[in-house]
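The residues making up each chain are set out below.
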Amino acid sequence: QQQQQQQQQRRRRRRRESGVGKMSVLQKIAEIENEMARTQKNKATAKHLGLLKAKLAKLRTELLIGNKSGGGGAGEGFDVVKSGDTRIGFVGFPSVGKSTLLTKLTGVHSEAAAYEFTTLTCVPGVLEYRGARIQLLDLPGIIEGAKDGKGRGRQVISTARTCNALLIVLDASKPVTHKKLIEKELNGFNIRLNKSPPGVLFRKKAKGGISFTSTMKEKPTNLDLETVQTILKEYKIHNADVVLREDITSDDLIDVIEGNIVYMPCIYVLNKIDAISMEELELLDQVPHYVPISAKDEWNLDELLEHIWDYCKMIRIYTKPHGQIPDYNAPVILHNKSPSVGDFCDRIHRGLRSQFKHALVWGASAKHQPQRVGISHILHDEDVVQIVKKV
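Attention here is on the structure that accompanies the text. Source: prediction; values computed, not measured.

The rules behind these values
- Residues numbered from 1 in each chain as written.
- Predicted model: local features only at pLDDT ≥ 70, side-chain atom pairs only at ≥ 80, totals over all residues.
- Heavy atoms only, no water.
- Buried < 20%, exposed > 50% of the residue type's maximum accessible area, 1.4 Å probe, protein only.
- Helix = DSSP H or I, 4+ residues; strand = E, 2+ residues; numbered from the N terminus.
- Arc of directions from axis to C-beta.
- Core = buried A, V, L, I, M, F, W, Y, C linked by side-chain atoms within 4.5 Å.
- Contact = heavy atoms within 4.5 Å.
- 1 Å grid on protein atoms, 1.4 Å probe; cavity = no way out; pocket = protein on both sides within 12 Å on 5 of 7 lines; lining within 4 Å.
- Points joined across faces, edges and corners; volume = space filled by probe spheres on them.
- Nonpolar A, V, L, I, M, F, W, Y, C, P; charged D, E, K, R; others polar.
- Salt bridge = Lys/Arg side-chain N within 4 Å of Asp/Glu carboxyl O.
- Axes fitted to C-alpha atoms, helices over the stretch in contact; angles between N-to-C directions.
- Left-handed = near helix turned anticlockwise from the far one by under 90°.
- Pairing = 2+ DSSP bridges.

1. Things to note about helix H9 (residues 301-311)
For step 1, the next point in the chain: Those residues of H9 not exposed but buried are Leu301, Leu304, Leu305, Ile308 and Trp309. The buried residues of H9 occupy an angular sector of 140° when projected down its axis, which confines them to one face.
For step 2, the next point in the chain: Of the residues one or two after H9, lysine 313 is the one with positive phi, at around 55°.

Here it is as structure tokens:
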């Protein structure tokens, strides 16, 4: 009888350790979200809402890290080796035409059918465009609740975090609420779409308490010292400098404190426009960052590729070995609208910057052909560069 009691206690302990911890985190998240929905937004509640948002961000991080430690790895098809110059992920609900779009752009066959959840693993394909090799990933369909570990949402969005840009593929004939749902799932995985890192300096220090200052002309409207102290106290930070360069929100401050946020360009691809009227298409034209296409009929794919090029800030730089003609077949692709010669050196090899003496540049950025420049010279698209090393 004593042995039976011990076995029952062990079973209860195992049950507690396996499933209940995860459920309690999800329950806490749900409770905080409900409380935030009930709380009115005004100056009096700003401190309380800041505290709730900080708790919510901590729980979401705990959920992400907690789930990473358990289970059996990424799963079949998700360990995709990064190849090419740029990586683009297709994200969307099941059966919106991601597989058809991948097939039309790259020629790689990804299973497509008229029913949901056809693609079950990550299917990669490579596209050559303007000399750049762009890797396209057809990710399995996201379901609502992916951020909480439902379906294969965890693997899908974790792979999406490694991309240079995302294409959120939407069905033009289905409700626009799908866009909001996907944004919510990606936001839950700390992916911020079409946003820049907030203009704030956050620095921990050994002593001196919390210092909150602003370099703006106007007074901050969203944050004050009391709210900042409440948020930092939740993270057990009692000594830090916070300097605002722009009028950020408490959400932005929490993102900076968390430090695991990915800021990613995103294009909304409205597929299956052949199934809607011109009036509906004109209404959808008001959605920012969007490109209307029909993957089946290959409509407007050129504009989509141009958008991918612009959103990834791709620039082609051609190399010229000493005494030879430039290599126009294999440009070096940089992801920056105004890259320096130093960025170009880093892209070729990490150790090249330390050996750099000067560079010769031909092209739009040069005042005369060629121009001898230093490491900080800003390059333009399709410049030709020859690096001269120290002897």
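2. A closer look at the nonpolar core
Where a protein is soluble and globular, its nonpolar side chains tend to be buried together.
For step 1, the next point in the chain: In terms of nonpolar packing, the biggest core is built from 58 residues, with Ile88, Phe90, Leu101, Leu166, Leu304 and Ile308 touching the most fellow members.
For step 2, the next point in the chain: Contacts of phenylalanine 90, omitting those with residues within four sequence positions, involve Lys98, Leu101, Leu102, Leu105, Leu136, Leu137, Asp138, Leu139, Leu167 and Val169.
For step 3, the next point in the chain: Formed by 19 residues, the second largest nonpolar core is a distinct cluster that contains Ala57, Ile210, Leu232 and Leu244.

3. As for the layout of surface pockets
In this approach, a probe sized like a water molecule rolls over the atoms, and the result shows the empty space that is left.
For step 1, the next point in the chain: In this model, the largest pocket occupies a volume close to 840 Å³.
For step 2, the next point in the chain: As for the largest pocket, its lining consists of 28 residues, of which Leu56, Asn187, Gly188, Arg192 and Asp251 are closest to the centre.
For step 3, the next point in the chain: Put simply, the parts of the chain that give the lining of the largest pocket at least two residues each are helix H1 (2-38), helix H2 (46-69), helix H5 (177-188), strand S5 (191-193) and helix H7 (250-258).
For step 4, the next point in the chain: Its residues placed into classes, the lining of the largest pocket shows 9 nonpolar, 5 polar and 14 charged.

4. Concerning the pattern of salt bridges
For step 1, the next point in the chain: Within this structure, the stated rule accounts for 18 salt bridges.
For step 2, the next point in the chain: Lysine 179 serves as the salt-bridge partner of glutamate 183, at 3.3 Å between the closest nitrogen and oxygen. One end of the pair is glutamate 183 and the other is lysine 179, both in helix H5 and 4 residues apart, which spans about a single turn.
For step 3, the next point in the chain: For glutamate 183, a relative accessible area of 19% puts it in the buried group.
For step 4, the next point in the chain: Residue aspartate 297 pairs with lysine 296 through a salt bridge whose shortest N-O separation is 3.7 Å.
For step 5, the next point in the chain: Put simply, Arg203, Lys205 and Asp241 are held in one network by salt bridges that share partners.

5. Let's talk about the packing of helix H6 (residues 225-234) against H7
For step 1, the next point in the chain: Two elements in contact, H6 and H7, have axes whose closest approach is 11 Å; the angle formed by their N-to-C orientations is 35°. Read as a crossing pair, H6 and H7 show a hand that is right-handed. Contact residues: H6 offers Val228, Ile231 and Leu232, while H7 offers Ser250, Leu253, Ile254 and Ile257.
For step 2, the next point in the chain: In terms of residue class, the contact of H6 with H7 is built from 6 nonpolar, 1 polar and no charged.

6. What to know about the pairing of strand S12 (residues 314-319)
For step 1, the next point in the chain: Taken across its 6 residues, S12 has 5 buried, putting it largely inside the fold.
For step 2, the next point in the chain: Sheet topology places S12 next to strand S13 (residues 332-335); 4 bridges connect them, and they run antiparallel. What sits directly across from arginine 316, in S13, is isoleucine 333.
For step 3, the next point in the chain: In the sheet, S12 pairs with strand S16 (residues 383-389) via 3 bridges, with the strands oriented parallel. Residue pairing for S16: tyrosine 318 is matched across the bridge by valine 384.

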